[in-house]
Amino acid sequence: MALNTEKVGLLQDVANLLRIHSVKATNSSKSGHPTSCASAAEVMSVLFFHTMRYKVSVPRDPSNDRFVMSKGHAAPILYAAWAEAGLFPHSKLLTLRKLHSDLEGHPTPRLSFVDVATGSLGQGLSCAAGMAYTGKYFDKSNYRVFCLIGDGESAEGSVWEALSFASHYKLDNLVAIFDINRLGQSEPTAFEHDMDLYKRRLESFGWNTYVVDGHDVEALCKAFSSAADVKGKPTCILAKTMKGKGLEGIENEDNWHGKALGDKADKIIKLLENSMKNQGVNKIIPQKPLVDDAPKIDITNIKLSEPPSYKLGEMIATRLAYGTAITKLGRNNDRIIALDGDTKNSTFADKFKKEFPDRFIECFIAEQNMLGVAIGCGTRGRTVPFVSAFAAFFTRAFDQLRMGAISQANIKCVGSHVGVSIGEDGPSQMALEDIAMFRSIPGSVVFYPSDAVSTERACELAANVTGICFIRTSRPNTAVIYDNNEEFEVGKAKVVHKNNKDKALLIGGGVTLHEALKAAKDLSKKGCDVRVMDLFTIKPIDSQAIIENAKEVGGKIITIEDHYPEGGIGDAVLSAVASVSGITVKKIAVRELPRSGSPDELLDLYGLSALCIANVVQECVKEK
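Residues numbered from 1 in each chain as written. Predicted model: local features only at pLDDT ≥ 70, side-chain atom pairs only at ≥ 80, totals over all residues. Heavy atoms only, no water.

Per an unreviewed UniProt entry, the chain goes by the name transketolase and belongs to Strigamia maritima. You can read under Sequence similarities (unreviewed entry) in the UniProt record for the chain the words "Belongs to the transketolase family." (UniProt positions renumbered as here; feature names shortened; annotations may be inferred.)

The following block contains the structure:
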C-alpha cells in the first residue's frame, strides 16, 4: 500500500493499539514498562506494518528483515506488534511475565521472533551489527536490520563501540533508531532532548543521521524510506519522543518507569480507543520479503580438511595450532568465520585471515562489541563464529557472554595467553580467572587442550557443538603428546601416564599437564609412581574417569592449574568427586597476585613447576 492519508491514519491507529496492548499486558502482570512502550509506539507501527519485510508464519526465515529490541524492557510492545501482525492471538499478551509464558519480562529466543536476548542494556546494536555484517558480506542478501535503542542505554560504551564498527564496515543495511524519550529510570537522561548534540555525535561516528518527531508517522515513514536508498554508511534515526506518550496524566512525567498503570488503566485505554479514527480497522498486512535470496547453508558435520600432522615430541604452542585448525575448518565449510580484537598475530587467527580474508572480521580493541557482533553473526544458523583474544580480555565482555547464553548463542571463544606461563608481560595480561568465568556460563563447553593435536580436535568438536564454547590456549611451546589419529570426545578425559602401582592421580591442563608429566617421570625414578590425567574438557567434566582412576590409586588427587584456585580445574574436580567417600583433592594453583618474570621462573615461584609438583606429591603420599 502506498503511503497516503489513509495509510498514515491506519499506522497511527496501530500505534495506539500497540499502546493499549502494552497497558493491558503490564496491568495483567502487575509489572512491566508501559511508558517505555508508549514512547516507541509509532516507531514500532511504522517498522512492522510499513517498512520491514518478513514472513509472519516463519519469523526466522533467513530472508526476513531482522529487528532487535535493544531496550528490552519495552518487550510488551514487541509482543503486541507480532500479535497485531497475526502470529498469535491477542489474548496471549495477557500472559506477560507469567511463569509458564514465553512472553517474559525481557525478550529471549524462547520466542520464534526473537534472535537475541536483550535487557542488559547497551548490547542490542552490536548484535544487530553482526546480523547486518552477515547479510551484507556473507549472505549477500537484501534483508535489512533494524535496532531500537533507548536513550538511557546510549550511555553504555558498548553502544559507541558498535556505532564505530558499523560505520567502519559501511553497513548500509543497518538502521539504528534511538528512542529519545528524555526520562531514564530514576531521573532524566544526561542529554534529555538535546537532539542537536545527539546528531553531532552520530554524524561524527560516520552515520547518516535523521532527526524526526518520533510520534509523526509520516516523518518516520519518509526517514525509513530514505535510509533504504543510502549507500556506504549505516543510518540512524533520532526519534524525539515522550515517555508515556498518549497516557493521560503520565506522559513525560517522572517516576513512572517500570510501573503498571493500575487503576488508571481503564480510563487511559478508553481515551486511546476514542482517539482512533478508523474504528474497527485493527490490522495492516505486513509486507513479505522483497526476495527470498538468503542462500541455503549447512553448518552440520564440520570437519578438518585434513587430520593433524605433527611429530610426537614436536614443540608447538596450542595457540598456533588453533590458527591451523580454524583454517582447516574454513577450507571445508565456508560458513566458518573468525573474529579478533587486534591480537590476531598473537592468537594466530591471522592464519585464517591470510587464507580467507573475506571471512575474517577485525573488531579492533573493543571486546564487548566483538562478542555482540559474533552473537549476531551466529543467529539463525548463518555462520559458526570463532572469536579470539587474550583470554584475560574476555572478562570485560562477561555480560555479553552471560546474555549470549540467554540468547542461545552459537559462538566459539578462544582465549590465548593464559596464566603465569605467559611470562614477562605481567599480571594484567595473565588470564587466571577465565576457566571460572566460562564454567559459570549456563550450557557452556570448556576445552583445555594440552598439545597441538588435541587443540585441532577441540576446534573441530567446538564447531559442531551448538552453544557457547571456550577453548583455552597457551603461549609457550609444548610437546606433542598425542598421535595424529587420536580420537577425542567432549566430556572424555585421557590418562597420559599410568603404572600399576600409582599412588596418586595428577590432573593438569595445558602447561601444567606437561609439568605433571615431568614430575611423574622424576618421581618414578624415586620409586613413587603417579598417574597423570588430561581432562581435555573441564566442562562437562569426565566424573566417571576421575573417580575410577582416583580409586585405583588410593583416592588421592592433586590438581595443578595455571589459574587462581577459585572456580578452576581444582574446583571442577572437587565437584565431580564431592559425593564419593575416600577421595581427597589437593589443589595446586596460583594463590597470589603474580608478577613479571620468565615463564620457568614464574611456574617455579607459584608452585607449578615439575619440581614443586613432585615435592607436593611426596608430602601427600606420606599422609594417611
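Moving on from the model shown.
A. Region of the structure containing the overall build of the chain. Looking only at helices and strands, the chain has 21 helices and 19 strands in total. Against the 2.2 N^0.38 benchmark of 25 Å for 624 residues, the chain shows a C-alpha radius of gyration of 28 Å, consistent with a compact globule. Projected onto its principal axes, the C-alpha coordinates of the chain cover approximately 95 × 50 × 40 Å. Taking all 624 residues of the chain together, the buried fraction comes to 62%. (Helix = DSSP H or I, 4+ residues; strand = E, 2+ residues; numbered from the N terminus. Rg over C-alpha atoms; globule rule 2.2 N^0.38 Å. Buried < 20%, exposed > 50% of the residue type's maximum accessible area, 1.4 Å probe, protein only.)

B. Spatial organisation of empty space enclosed by the protein. If you walk through the whole model with that rule in mind, you get four cavities of 30 Å³ or more. Lining of the largest cavity is provided by 13 residues; of these, D65, F67, W82, F113 and R380 occupy positions nearest its centre. Those elements giving two or more residues to the lining of the largest cavity turn out to be β1 (66-69) and α4 (75-85). For the lining of the largest cavity, the residue count by class is eight nonpolar, one polar and four charged. In this model, the second largest cavity occupies a volume close to 60 Å³. F67, V68, M69, L78, P107, F113, V114, D115, V116, T118 and M131 are the residues that line the second largest cavity. Broken down by element, the residue count for the lining of the second largest cavity peaks at three residues, all from β1. (1 Å grid on protein atoms, 1.4 Å probe; cavity = no way out; pocket = protein on both sides within 12 Å on 5 of 7 lines; lining within 4 Å. Points joined across faces, edges and corners; volume = space filled by probe spheres on them. Nonpolar A, V, L, I, M, F, W, Y, C, P; charged D, E, K, R; others polar.)

C. Structural context of unusual backbone geometry. Of note, the amide linkage connecting K539 to P540 takes the cis form, showing an omega dihedral of -5 degrees. Here P540 lies in the loop between β17 (537-539) and α18 (543-552). Its identity is not glycine, yet K170 carries a phi of approximately 55 degrees, on the positive side. Relative to the helices and strands, K170 is located in the loop between α6 (157-168) and β3 (174-180). Of note, the phi angle at N301 is positive, near 50 degrees, even though the residue is not glycine. By the element assignment, N301 lies in the loop between α9 (265-275) and β6 (315-317). Of the residues examined, N301 reaches a relative accessible area of 58% and is grouped as exposed.

D. Structural view of helix α13 (residues 367-378). Over its 12 residues, α13 extends 17 Å from the first C-alpha to the last, a length consistent with the 16 Å expected when each residue adds 1.5 Å. Two residues or fewer after α13 comes R380, characterised by a positive phi angle close to 55 degrees. (Expected span 1.5 Å × (residues − 1).)

E. Structural detail: the packing of helix α1 (residues 5-29) against helix α3 (residues 41-51). Where α1 contacts α3, the two axes come as close as 8 Å, and the packing angle between them is 120 degrees. As judged from the angle between their axes, α1 and α3 are oblique. With respect to the hand of their crossing, α1 and α3 are arranged in right-handed fashion. Between α1 and α3, the contacting residues are K7, L11, Q12, V14, A15, L18 and R19 on the first element and A41, E42, M44, S45, V46, F49 and H50 on the second. By residue class, the composition of the contact of α1 with α3 is eight nonpolar, three polar and three charged. (Axes fitted to C-alpha atoms, helices over the stretch in contact; angles between N-to-C directions. Parallel < 35°, antiparallel > 145°, perpendicular 65-115°, else oblique. Left-handed = near helix turned anticlockwise from the far one by under 90°. Contact = heavy atoms within 4.5 Å.)

F. Quick peek at a negative patch on the surface. Taken together, the side chains of E424, D600, E601 and D604 make up a negatively charged region of the molecular surface. Relative to the elements of secondary structure, D604 occurs in helix α20 (residues 599-605). (Patch = residues over 30% accessible without salt bridge, like charges linked within 9 Å, V, L, I, M, F, W, Y side chains within 5 Å. Areas by Shrake-Rupley, 256 points an atom, 1.4 Å probe, with all protein chains shown as cover. Salt bridge = Lys/Arg side-chain N within 4 Å of Asp/Glu carboxyl O. Lys, Arg positive; Asp, Glu negative; His and termini not counted. Charge placed at Lys NZ, Arg CZ, Asp CG, Glu CD.)

G. Quick look at the side chain of K494. Relative to the assigned elements, K494 resides in strand β14 (residues 494-497). Within the local environment of K494, its side chain forms a polar contact with the side chain of E486, the two groups lying 2.8 Å apart. At 2.5 Å, the side chain of K494 and the backbone oxygen of E487 are in polar contact. Discounting chain neighbours no more than four positions away, the residues touching K494 are Y482, E486, E487, F488, V532, M533 and D534. (Polar contact = N/O pair within 3.5 Å; in protein donor to acceptor, adjacent residues only side chain to side chain.)

H. Inspection of the domain arrangement of the chain at higher detail. Looking at the chain, the domain boundaries give domain 1 (5-92 + 115-282), domain 2 (314-480) and domain 3 (494-622). A C-alpha centroid distance of 34 Å is found between domain 1 and domain 2. Each partner contributes residues to the interface: domain 1 has 29 residues there, and domain 2 has 28 residues. Where domain 1 abuts domain 2, roughly 2,200 Å² becomes buried across the two surfaces, and 55% of that area is made up of carbon and sulfur atoms. Together, Q123, F138 and E161 form the three largest contributors to the area buried by domain 1 at its contact with domain 2, with a combined 25%. The interface formed by domain 1 and domain 2 includes three salt bridges. Our count for the domain 1 to domain 2 interface comes out at 11 residue pairs in polar contact (both at pLDDT 80 or more). Mapped onto the side of domain 1 that touches domain 2, the elements with two or more residues apiece are α5 (124-138) and α6. Counting residues per element, the side of domain 1 that touches domain 2 draws most heavily on α5, at eight residues. (Domains from an automatic or database assignment. Buried area = accessible area lost by both parts, 1.4 Å probe.)

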